[in-house]
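Remarks on the overall topology
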Amino acid sequence: MKEAEQTLIYQRVFENIQIFIEIDEDLFAKFKSLFHSLFSSFSIHLMYSNKEIQKIRIYQCLKSADIENKHCCDYYIICNTAEENWVSSLIDFLEYCYQKILKCTVLHGSCVSINDYGVLILGNRRTGKSTLTHFLINHKNVLFLDDDSVFIQRGSIIGFGFPIRLRNIIGNHLPLIGSFFDGEDQRYICNVNNNKKTNEVKNISLVIFPEYSDKNGFETQKVLGVDLINYAISNLKDSFSLFKSCADISSLLTNVRAFKVKYNNCDSVMKFIMDSL
């Protein structure tokens, strides 16, 4: 009788919900540092393979192992590492899986913690969210939660520490781990060091709606009450239900200060944020 094999499993626990991730051995061996970064908020265990544990599986190829018959998994992806966009596609897939498993609200934005104050950065594409987040985390008192997707779970914002996907890497201080074309622009995937990450922000103290401008100058406009909730809802990326998402956003952002910020350089925004906290 063949002895049961042990395999490396990434695990993260959210009260009564657990997320398990299993990766092809060959794929893991080739890109170990990448996976350790993608799953920096997870613990890693050597476990016996268990068909009863539902998990996310990451494959390099389908192989002869029939997923439906031999593995119990809610979600799986086959990574073609020869494709330029495979890392970005994997990140998108993981974001999708986490939302479905947690049944949580996801906003299109970024989040950082500055001296333990949560700062939420929301906005449409090309408004400078990732550029501003990239700049902020260079500050010694700033910790990175997430970029592009912000997960609201039980009144807090939880982070998975995904890499930042930038359109411009001039002045970039982070390790570059990949690039891809998003249909409009070349994007660059930059890894955030694990010691600059945090896994959760319990309270939001400030919300910024950035708008980058080529013109010199710096303008701010307060966003109050219902307008803040509506602006946040307009940046909804994914949800379990619209009713739940409205409740999540209202609970998180009621009585939180918020500003639209039109800016030409990140230094001015950083000063504004520090003065506002």
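Note: the structure precedes this text.
Quick summary incoming for the structure in this document. (Residues numbered from 1 in each chain as written. Predicted model: local features only at pLDDT ≥ 70, side-chain atom pairs only at ≥ 80, totals over all residues. Heavy atoms only, no water.)

**A short note on the overall build of the protein**
A count of helical and extended segments in the protein gives eight helices and 18 strands. For the protein, the C-alpha radius of gyration of 20 Å lies close to 19 Å, the compact-globule estimate for 277 residues. Principal-axis analysis of the C-alpha atoms gives the protein an extent of 70 × 40 × 35 Å. For the protein, with 277 residues in total, the buried portion stands at 50%. Long-range pairs, those at least 24 residues apart, make up 68% of the contacts in the protein with a sequence separation of at least 6. Taken together, the 30 basic and 31 acidic charged side chains of the protein have centroids lying 3 Å from each other. (Helix = DSSP H or I, 4+ residues; strand = E, 2+ residues; numbered from the N terminus. Rg over C-alpha atoms; globule rule 2.2 N^0.38 Å. Buried < 20%, exposed > 50% of the residue type's maximum accessible area, 1.4 Å probe, protein only. Contact = heavy atoms within 4.5 Å. Lys, Arg positive; Asp, Glu negative; His and termini not counted. Charge placed at Lys NZ, Arg CZ, Asp CG, Glu CD.)

**Concerning the packing of aromatic side chains**
Overall, the coordinates contain 20 aromatic pairs when judged by the stated rule. Ring centres of Tyr10 and Phe39 lie 4.8 Å apart, and the angle between their planes is 45°; on these two criteria the pair is classed as tilted. Highlighted residues: Tyr10 in strand β1 (residues 6-14) and Phe39 in the loop between α2 (32-38) and β3 (43-48), separated in sequence by 29 residues. By relative accessible area, which is 3% here, Tyr10 ends up buried. Classification of Phe39 by relative accessible area gives buried; the value is 1%. Taken together, the ring pairs connect Tyr10, Phe14, Phe28, Phe35, Phe39, Phe42, Tyr98, Phe151, Phe160 and Phe162 into an aromatic cluster. The residue whose ring lies beneath Arg12 is Phe160, and the NZ or CZ to ring-centre distance is 5.0 Å. (Phe/Tyr/Trp six-rings, centres within 6.5 Å; stacked < 30°, edge-to-face > 60°. Lys NZ or Arg CZ within 6 Å of the ring centre and 35° of its normal.)

**Some points on unusual backbone geometry**
Positive phi is not limited to glycine here, since Asp116 has a value of about 75°. Within the secondary structure, Asp116 sits in the loop between β6 (105-114) and β7 (117-122). The backbone of Arg154 sits at a positive phi, close to 55°, despite the residue not being glycine. Take Arg154: it is sitting in the loop between β9 (149-153) and β10 (156-158). According to the relative accessible area criterion, Arg154 is exposed, its value standing at 55%.

**With respect to the sheet that holds strand β12 (residues 176-181)**
The strand order across the open sheet built from three strands is β11-β13-β12, with neighbouring strands paired in antiparallel fashion. What marks the edges here is a single partner per strand, and that holds for β11 (164-166) and β12. The mean angle between the axes of side-by-side strands here comes to 25°, regardless of whether they run parallel or antiparallel. Note: β11 against strand β13 (residues 186-190), three bridges, orientation antiparallel. (Pairing = 2+ DSSP bridges. Axes fitted to C-alpha atoms, helices over the stretch in contact; angles between N-to-C directions.)

**Re helix α7 (residues 242-253)**
Helix length check: α7, at twelve residues, gives a terminal C-alpha distance of 16 Å against a target of 16 Å (1.5 Å per residue), a fit within 8%. For α7, every residue scored as buried is listed here: Ser245, Asp248, Ile249, Leu252 and Leu253. One side of α7 carries all its buried residues, which in axial view fall inside an arc of 105°. Seen from the buried face of α7, the exposed residues on the opposite side, beyond 90 degrees, are Phe243 and Ser251. (Expected span 1.5 Å × (residues − 1). Arc of directions from axis to C-beta.)

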